[in-house]
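# Reading the structure
Residue-level listing of the chains:
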Amino acid sequence: MKIAVAEEIGVISLATKDVVILDSKGNQRTAKTGDNFNQNDTIITPKGGKTQLLFKDQMTINLSQGSELKVDEFVFSNDNQQDNKLTTSIKKGAFKFISGKISDQNPEAMKVKTPKTQIAIRGTSVIGDIKEDSENIVLLDGIIEVAPIDNPAVSQIINQSGFAVVVDVASG
């Protein structure tokens, strides 16, 4: 009998405390610096902890304490660059993205979803803080496009470093 093994898409390059990883079937495991993660894994940074994820395309994501991120889709190949894509969902917590080869090669291929917004990352670095009552997204470098989840046709393009989008979750 052949057992399917999830393909590793990155490594936890820093974990100041043990990180919890939930797989797509709800199985939970504890991870630490040097452990791998897979597509459809949810990475949870514990209270008082910090986590840094390094993806195969050289993108990094830093997560603060209490953060929760799911890797919804990751496709990366040096041979078929037009098929490369990355979609993540951040349920809560503070984060910092520094894009890698996927967004460098295909600016429309990297998306970050939050409870209220979707962010298109276009060769950039961005920070954010997702709370129950608000979402703050700040451009550090490059270009991002931020759109409401419930109305993606209405978006805001940010191309000046230091500019931000603040979403009041209570009022949408």
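Residues numbered from 1 in each chain as written. Predicted model: local features only at pLDDT ≥ 70, side-chain atom pairs only at ≥ 80, totals over all residues. Heavy atoms only, no water.

### Brief notes about the overall build of the protein
- The helix and strand inventory of the protein stands at one helix and 14 strands.
- Here the C-alpha atoms of the protein give a radius of gyration of 16 Å, agreeing with the 16 Å that 2.2 N^0.38 yields for 172 residues.
- Here the protein holds 172 residues, and the buried ones make up 38% of them.
- For the protein, the accessible surface area stands at approximately 9,200 Å², while carbon and sulfur atoms represent 48% of it.
- In the protein, 19 side chains carry a positive charge and 22 a negative one; their mean positions are 4 Å apart. (Helix = DSSP H or I, 4+ residues; strand = E, 2+ residues; numbered from the N terminus. Rg over C-alpha atoms; globule rule 2.2 N^0.38 Å. Buried < 20%, exposed > 50% of the residue type's maximum accessible area, 1.4 Å probe, protein only. Areas by Shrake-Rupley, 256 points an atom, 1.4 Å probe, with all protein chains shown as cover. Lys, Arg positive; Asp, Glu negative; His and termini not counted. Charge placed at Lys NZ, Arg CZ, Asp CG, Glu CD.)

### Some remarks on the nonpolar core
- Ranked by size, the top nonpolar core spans 35 residues in total, and within it Phe 55 and Phe 97 carry the most contacts.
- If sequence neighbours within four positions are ignored, Phe 55 has contacts with Ile 9, Gly 10, Phe 37, Ile 61, Val 71, Phe 74 and Leu 86. (Core = buried A, V, L, I, M, F, W, Y, C linked by side-chain atoms within 4.5 Å. Contact = heavy atoms within 4.5 Å.)

### Section: the pattern of salt bridges
- Tallying each qualifying case throughout the model produces six salt bridges.
- In this structure, the salt-bridge partner of Arg 29 is Asp 41, at a minimum N-O distance of 3.6 Å. Residue Arg 29 is found in strand S3 (residues 28-31), and its partner Asp 41 is found in the loop between strand S4 (36-38) and strand S5 (42-44); the two are separated by twelve residues along the sequence.
- Look at the salt bridges and you will find they share partners, linking Glu 108, Arg 122 and Glu 145 into a network. (Salt bridge = Lys/Arg side-chain N within 4 Å of Asp/Glu carboxyl O.)

### Quick notes on the confidence of the model for the protein
- Averaged over every residue, the pLDDT of the protein is 89; residues scoring 70 or more account for 94%.
- Across residues 1-5 the pLDDT falls below 50, and counting only partners more than four positions away or on other chains, this stretch makes zero contacts in the model. (pLDDT = per-residue confidence, 0-100.)

### Quick word on the environment of Val 75
- Position of Val 75 among the secondary structure elements: in strand S8 (residues 68-75).
- Here Val 75 falls in the partly exposed class, since its relative accessible area comes to 31%.
- For the pair Val 75 and Gln 39, spaced 36 residues apart in the sequence, the C-alpha separation amounts to 9.0 Å.
- Apart from the residues lying within four places of it in its own chain, the contact partners of Val 75 are Asp 83, Asn 84, Lys 85 and Ile 102.

### Brief notes about the side chain of Arg 122
- Relative to the helices and strands, Arg 122 resides in strand S11 (residues 117-130).
- A distance of 2.4 Å separates a polar atom in the side chain of Arg 122 from a polar atom in the side chain of Glu 145.
- Leave out the neighbours within four places in its chain, and Arg 122 touches Pro 107, Glu 108, Ile 143, Glu 145 and Ile 157. (Polar contact = N/O pair within 3.5 Å; in protein donor to acceptor, adjacent residues only side chain to side chain.)

### Observations concerning the pairing of strand S7 (residues 60-63)
- Relative to S7, strand S6 (residues 51-55) runs antiparallel, the two sharing four bridges. Bridge pairing links Gln 52 to Asn 62 in S7.
- What sits between S6 and S7 in their antiparallel hairpin is a turn of four residues, with Gln 58 showing a positive phi close to 80°. (Pairing = 2+ DSSP bridges.)

### Some words on the side chain of Ser 67
- As for its position among the elements, Ser 67 is in the loop between S7 and S8.
- Here Ser 67 falls in the buried class, since its relative accessible area comes to 1%.
- Within the local environment of Ser 67, its side chain forms a polar contact with the backbone oxygen of Ser 64, the two atoms lying 2.8 Å apart.
- Here Ser 67 is in contact with Ile 43, Ile 44, Thr 45, Lys 92, Gly 93 and Ala 94, once residues within four sequence places are set aside.

### Comments concerning the packing of aromatic side chains
- Under the counting rule described, the total for this entry stands at four aromatic pairs.
- Between Phe 55 and Phe 74, the ring centres sit 5.6 Å apart and the planes meet at 40°, which makes this aromatic pair tilted. Residue Phe 55 is located in strand S6, and its partner Phe 74 is located in strand S8; the two are separated by 19 residues in the primary sequence. By the burial criterion, Phe 55 is buried, and Phe 74 matches it.
- Seen in terms of ring centroids, Phe 74 and Phe 76 are 6.5 Å apart; in terms of plane orientation they differ by 40°. Their pairing is tilted. (Phe/Tyr/Trp six-rings, centres within 6.5 Å; stacked < 30°, edge-to-face > 60°.)

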